[in-house]
Amino acid sequence: MLQVYLVRHGETQWNAERRIQGQSDSPLTQKGEDQAKQVGDRVRSLGITHIITSDLGRTRRTAEIIADACGCEVIADSRLRELNMGVLEQRHIDTLTAEEEAWRRQLVNGTPDGRIPEGESMQELSERMHSALQSCLELPPGSRPLLVSHGIALGCLVSTILGLPAYAERRLRLRNCSISRVDHQQSAWLASGWVVETAGDVSHLDAPALDELQR
Ligand SMILES: O=C(O)[C@H](O)COP(=O)(O)O
């Protein structure tokens, strides 16, 4: 059975400032760096063989810190990027106009192809995240990969594995440097394919980020 660990990157400057990141980027805060070290401490004895990360700066930095603890190389995969939030990227969430807020809400109200202008739909996000996860099945037998990605991207992946719509990610709290795990199993009795073992574990963090609670 393949076990895949899923980690959201550490807190960033824009997470702390409540600004929309999407595929734009801001650096980890000191707290974010500390969170990534705590993930490293948590997973160093788990036999992680591959660290595969979104190619954005905040995830790469988080992945490097975890890789130092695990002693494995970091592989970048752009399919693990955050949802492209188009013209709203870099904006402070408290300054959106009513029209802009309506664009954002299209993503979370079930509109199948809802997207922010110049952005991506949840369906498109779901397809590329599942494609990246499926690629883990091509790793050598005995591999145990750890993927570093983003809040909406990982929430969408976990939600859709559970058979929920992609926008159900809004009901799943995946804080910075939380750890989730999905397993690929073959079972005649239970569901075959991907199953969710853990979602959003922050028990390894001494001070979980508050950003998801503030939003
Ligand atoms: O601001 C964003 O883009 C998302 O809400 C969270 O994305 P992140 O996980 O990359 O911080």
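Report follows, based on the coordinates. (Residues numbered from 1 in each chain as written. Predicted model: local features only at pLDDT ≥ 70, side-chain atom pairs only at ≥ 80, totals over all residues. Heavy atoms only, no water.)

**A closer look at helix 2 (residues 30–43)**
Turn by turn, an α-helix covers 3.6 residues, leaving residues three or four places apart pointing in a common direction. The end-to-end C-alpha distance of helix 2, which contains 14 residues, comes to 20 Å, matching closely the 20 Å that a straight helix rising 1.5 Å per residue would cover. Within the sequence span of helix 2, burial applies to Gly32, Glu33, Gln35, Ala36, Gln38, Val39, Gly40 and Val43. Against strand 1 (2–8), helix 3 (57–70), strand 4 (145–149) and strand 5 (179–185) lie the buried residues of helix 2. (Helix = DSSP H or I, 4+ residues; strand = E, 2+ residues; numbered from the N terminus. Expected span 1.5 Å × (residues − 1). Buried < 20%, exposed > 50% of the residue type's maximum accessible area, 1.4 Å probe, protein only. Contact = heavy atoms within 4.5 Å.)

**A short note on the pattern of salt bridges**
Inspection of every chain in the model, using the stated rule, returns 16 salt bridges. A salt bridge links Arg81 to Asp55, with the shortest nitrogen-to-oxygen separation between them at 2.7 Å. Highlighted residues: Arg81 in the loop between strand 3 (74–76) and helix 4 (98–106) and Asp55 in the loop between strand 2 (50–53) and helix 3, separated in sequence by 26 residues. Residues Glu120 and Arg128 are paired through a salt bridge, measuring 2.7 Å at the closest nitrogen-oxygen approach. Take Glu120 and Arg128: they sit in the same class, and that class is buried. Three or more residues joined by partner-sharing salt bridges are found here, namely Glu33, Arg61 and Glu64. (Salt bridge = Lys/Arg side-chain N within 4 Å of Asp/Glu carboxyl O.)

**Brief notes about the sheet that holds strand 3**
Spatial strand order, 3-2-4-1-5-6: 6 strands in an open sheet with mixed pairing. On the outer flanks of this sheet lie strand 3 and strand 6 (193–201), each paired with one strand and no other. On average, each strand axis in the sheet is tilted by 25° relative to the strand beside it, whichever way the strands run. The pairing of strand 2 with strand 4 spans 4 bridges and is parallel. Bridged to Ile51 within strand 4 is Leu146. Sheet strands in contact with helix 2 are strand 1, strand 4, strand 5 and strand 6, and its direction is about 40° off that of strand 5. Sheet strands in contact with helix 3 are strand 1, strand 2, strand 3 and strand 4, and its direction is about 175° off that of strand 2. (Pairing = 2+ DSSP bridges. Axes fitted to C-alpha atoms, helices over the stretch in contact; angles between N-to-C directions.)

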